[in-house]
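The lines below spell out each chain.
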Amino acid sequence: MIQPNIPETDRPRVVIVGGGFGGINLAKALKRVPVQVVLLDRNNYHLFQPLLYQVATAGLEPDSIAFPLRGIFKHQKNFHFRMAEVKSVNTADNVLVTNIGDIKYNYLVIATGSNTNFFGNKLIEEHAIGMKSLIEAVQIRNYVLKQFEECLLLKDEAEVKPKLNFVMVGGGPTGVELAGAFAELRKYILPKDYPELPLHLMNIYLIEAGPRVLASMTTASSQKTFESLEHIGVKVMTNVAVKDYDGLNLLLSNGETIQTQSLLWSAGVKGMPVAGLPEGEVLPNGRVNVNEFNLVKGCNNVYAIGDIAMMVNDERFPKGYPMVAQVAMQQGKQLGRNIQASLRGYTQQPFKYKDLGSMATIGRNRAVAEFAGIRLSGYLAWIAWMVVHLLNLLGFRNKLVVFINWFYRYFTYDRGTRIIIKRGAANIVKLRQSVYQTDPITPVTG
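Residues numbered from 1 in each chain as written. Predicted model: local features only at pLDDT ≥ 70, side-chain atom pairs only at ≥ 80, totals over all residues. Heavy atoms only, no water.

A.B. asks: Report on the sheet that holds strand 9 (residues 107-110), specifying residues and quantitative values.
C.D. replies: Paired through their backbone hydrogen bonds, the strands of a sheet run either parallel or antiparallel. With parallel pairing, five strands are arranged side by side in an open sheet as 5-2-1-9-20. A strand with exactly one partner marks an edge of an open sheet, and here the two such strands are strand 5 (79-83) and strand 20 (302-304). Strand-to-strand twist across the sheet, computed as the mean angle between neighbouring axes with direction ignored, equals 20 degrees. Two elements, strand 1 (residues 13-17) and strand 2 (residues 36-41), share five bridges in a ladder whose sense is parallel. When the sheet's bridge partners are listed, Val 17 is paired in strand 2 with Leu 40. Sheet contacts for helix 1 (residues 21-29): strand 1, strand 2, strand 5 and strand 9; angle to strand 1, the most-contacted strand, approximately 160 degrees. The strands touched by helix 9 (residues 325-344) are strand 1, strand 9 and strand 20; relative to strand 9, the strand with the most contacts, the crossing angle is about 170 degrees. (Pairing = 2+ DSSP bridges. Helix = DSSP H or I, 4+ residues; strand = E, 2+ residues; numbered from the N terminus. Axes fitted to C-alpha atoms, helices over the stretch in contact; angles between N-to-C directions. Contact = heavy atoms within 4.5 Å.)

A.B. asks: For the environment of Ala 111, give the residues involved together with the corresponding values.
C.D. replies: Along the chain, the position of Ala 111 falls in the loop between strand 9 and strand 10 (114-116). Judged by its relative accessible area of 5%, Ala 111 falls in the buried class. For the pair Ala 111 and Pro 273, spaced 162 residues apart in sequence, the C-alpha to C-alpha distance is 9.1 Å. (Buried < 20%, exposed > 50% of the residue type's maximum accessible area, 1.4 Å probe, protein only.)

A.B. asks: Lay out the packing of helix 10 (residues 379-392) against helix 11 (residues 396-412) with the relevant residues and their values.
C.D. replies: Orientation of helix 10 relative to helix 11, taken along the N-to-C sense of each, is 155 degrees, at an axis distance of 9 Å. Classified by the interaxial angle, the pair formed by helix 10 and helix 11 is roughly antiparallel. You can see that helix 10 and helix 11 cross each other, and the crossing is right-handed. Contacts between helix 10 and helix 11 involve Tyr 379, Trp 382, Trp 385, Met 386, His 389, Leu 390 and Leu 391 from the first element and Lys 399, Val 402, Phe 403, Trp 406 and Tyr 410 from the second. For the contact of helix 10 with helix 11, the class distribution of residues is ten nonpolar, one polar and one charged. (Parallel < 35°, antiparallel > 145°, perpendicular 65-115°, else oblique. Left-handed = near helix turned anticlockwise from the far one by under 90°. Nonpolar A, V, L, I, M, F, W, Y, C, P; charged D, E, K, R; others polar.)

A.B. asks: A description of the sheet that holds strand 6 (residues 86-90) should follow, citing residues and the corresponding values.
C.D. replies: Ordered in space as 6-7-8, the three strands form an open sheet in which the pairing is antiparallel. Each edge of the open sheet is held by one strand with a lone partner, namely strand 6 and strand 8 (101-104). Strand-to-strand twist across the sheet, computed as the mean angle between neighbouring axes with direction ignored, equals 20 degrees. With four bridges joining them, strand 7 (residues 95-98) and strand 8 adopt antiparallel strand pairing. Across the sheet, residue Leu 96 finds its bridge partner in strand 8, namely Ile 103.

A.B. asks: Summarise empty space enclosed by the protein; cite the residues concerned and give the values.
C.D. replies: By the definition in use, this model includes four cavities of 30 Å³ or more. The computed volume of the second largest cavity comes to approximately 50 Å³. Ranked by the residues each element gives to the lining of the second largest cavity, the list is headed by helix 5 (residues 134-151), at four residues. Looking at the lining of the second largest cavity residue by residue, the class counts come to six nonpolar, one polar and two charged. (1 Å grid on protein atoms, 1.4 Å probe; cavity = no way out; pocket = protein on both sides within 12 Å on 5 of 7 lines; lining within 4 Å. Points joined across faces, edges and corners; volume = space filled by probe spheres on them.)

A.B. asks: Run through the nonpolar core, naming residues and quoting values.
C.D. replies: With 66 residues, the main nonpolar core has Leu 51, Ile 65, Phe 148, Met 168 and Phe 182 as its most contacted residues. Beyond its immediate stretch of four places on either side in the chain, Ile 65 contacts His 46, Leu 47, Phe 48, Leu 51, Leu 52, Val 55, Leu 60, Leu 134, Leu 393 and Asn 398. One finds Val 17, Val 38, Leu 96 and Ala 304 within the second-largest nonpolar core, a separate group that totals 30 residues. (Core = buried A, V, L, I, M, F, W, Y, C linked by side-chain atoms within 4.5 Å.)

A.B. asks: Can you tell me about helix 11, naming the residues and giving the values?
C.D. replies: Between its terminal C-alpha atoms helix 11 stretches 24 Å, which fits the 24 Å expected from 17 residues at 1.5 Å a residue. For helix 11, the complete set of buried residues consists of Asn 398, Val 402, Trp 406 and Arg 409. The buried residues of helix 11 occupy an angular sector of 65 degrees when projected down its axis, which confines them to one face. Exposed side chains of helix 11 directed beyond 90 degrees from the buried face belong to Phe 396 and Phe 411. Among the structural elements, helix 2 (52-56), strand 4 (66-68) and helix 10 are those in contact with the buried residues of helix 11. One or two residues past the end of helix 11 sits Tyr 413, with phi positive at roughly 55 degrees. (Expected span 1.5 Å × (residues − 1). Arc of directions from axis to C-beta.)

A.B. asks: Summarise the packing of helix 1 against helix 9; cite the residues concerned and give the values.
C.D. replies: Across the interface, helix 1 lies against helix 9 with an axial gap of 7 Å and an inter-helix angle of 30 degrees. As summarised for this structure, helix 1 and helix 9 are arranged roughly parallel, according to the angle between their axes. The handedness of the crossing between helix 1 and helix 9 is right-handed. Every residue of helix 9 that contacts helix 1 at Phe 21, Gly 22, Asn 25, Leu 26 and Ala 29 is listed here: Ala 325, Ala 328, Met 329, Gly 332, Lys 333, Leu 335, Gly 336 and Ile 339.

A.B. asks: Account for the pairing of strand 11 (residues 165-169), with residues named and values stated.
C.D. replies: The buried fraction of strand 11 is high, at five of five residues. Residues Asn 165, Val 167 and Val 169 of strand 11 are buried on one face, and the alternating residues Phe 166 and Met 168, pointing to the opposite face, are buried as well. In the sheet, strand 11 pairs with strand 12 (residues 203-208) via five bridges, with the strands oriented parallel. Looking across to strand 12, one finds that Met 168 is bridged to Leu 206. In this fold, strand 11 hands off to helix 7 (residues 173-193), which returns the chain to strand 12; that crossover is right-handed. (Right-handed = clockwise from strand over helix to strand, strands pointing away.)

A.B. asks: Can you explain the side chain of Asn 78? Please cite residues and give values.
C.D. replies: Among the structural elements, Asn 78 can be located in the loop between helix 3 (69-72) and strand 5. With a relative accessible area of 8%, Asn 78 lands in the buried category. A polar side-chain atom of Asn 78 sits 3.4 Å from the main-chain carbonyl oxygen of Val 33. Non-local contacts of Asn 78, meaning those with residues more than four positions away in its chain, are made with Arg 11, Leu 30, Lys 31, Val 33, Val 35, Gln 36 and Val 37. (Polar contact = N/O pair within 3.5 Å; in protein donor to acceptor, adjacent residues only side chain to side chain.)

Honestly, it's all geometry; don't read function into it.
This is the structure we're talking about:
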């Protein structure tokens, strides 16, 4: 029988579920605290999700944005990692049930992140694809490249066009960055790699149900993003929602139908709760109600941080803090300090989010950024975006590899290795099923 085989200790055990931004920052904050830290994740790496879209569009290789969890904590003596899938929690007995056995805890921290939200539309969920994991990003890349290859085998434009229509749903940073990356592929890469491809048939759509893209930023930044996307050939449609999709025909709320075999969904995310938490505290969107100390309501030693945590103690964010990396990182650090204060008998401090700003890249020399009362766009914002992302990547090797890739791409107008690793990934329906028809309570990174 499989056992966690975690060393016994007289120190309090802090079990962290999820090796994303929140989980790793909490574990780091507990480095010198007299506790045993146990981190669980179904993957053995931390994923830098903000650059997933570059893997999906062959700009970076997968290992450039993933870093082994054991490597992050190799010098932390109170740290233990186990690759596991969480099944449920028994809050009465302080036991976490996993596929490698039961794990006792003194403190439990849920940092499972989020997954793609299809808002209950089963047809869209079956045929569209999100981008929240490394597997999805790699298989999107395989699928897109396979579409290009198959187009060369067809003569009928009516058959070619659905393969070359790429639709991104959701006008947030992920949707904007994906659309911009596809526009760059069409302009700089495809004419060289696929000179026979009828690029005049290729269309890139960005569909947003709200009145503007990048709604979390100012109207000025949103407008500049809209104009930049239109300039590079992206067809931006605002105030338009997706009604239905059968794998070929995309029905929109304005009555228009787009024929496409590639619907990339970034219109929303939902939390990934663990079974066994107080039922009344788990919201329909998967987030869990927590107090100002990230303590799950109805529990006395179970916490939630990051995307999963629904904290409404800040008048600036009446609907809870945004599901972004900075919130998870700050909550992880603050909870680490509060656990240390609790062990010493000191007063814990409530969490208060410090908004460090927002940014999104649109393409070569194009980005928008807002921070510290400063609003940038164009080349300066693009440089700021690159610097921030490089600094937040884990591992010197990853930073160096990504920097060299970006430097090379800037001067050669080229992208990464465009190879199809597995032909089976060409079937997007199979991809959807393989990625999403899994245990909904297993932790994800990010």
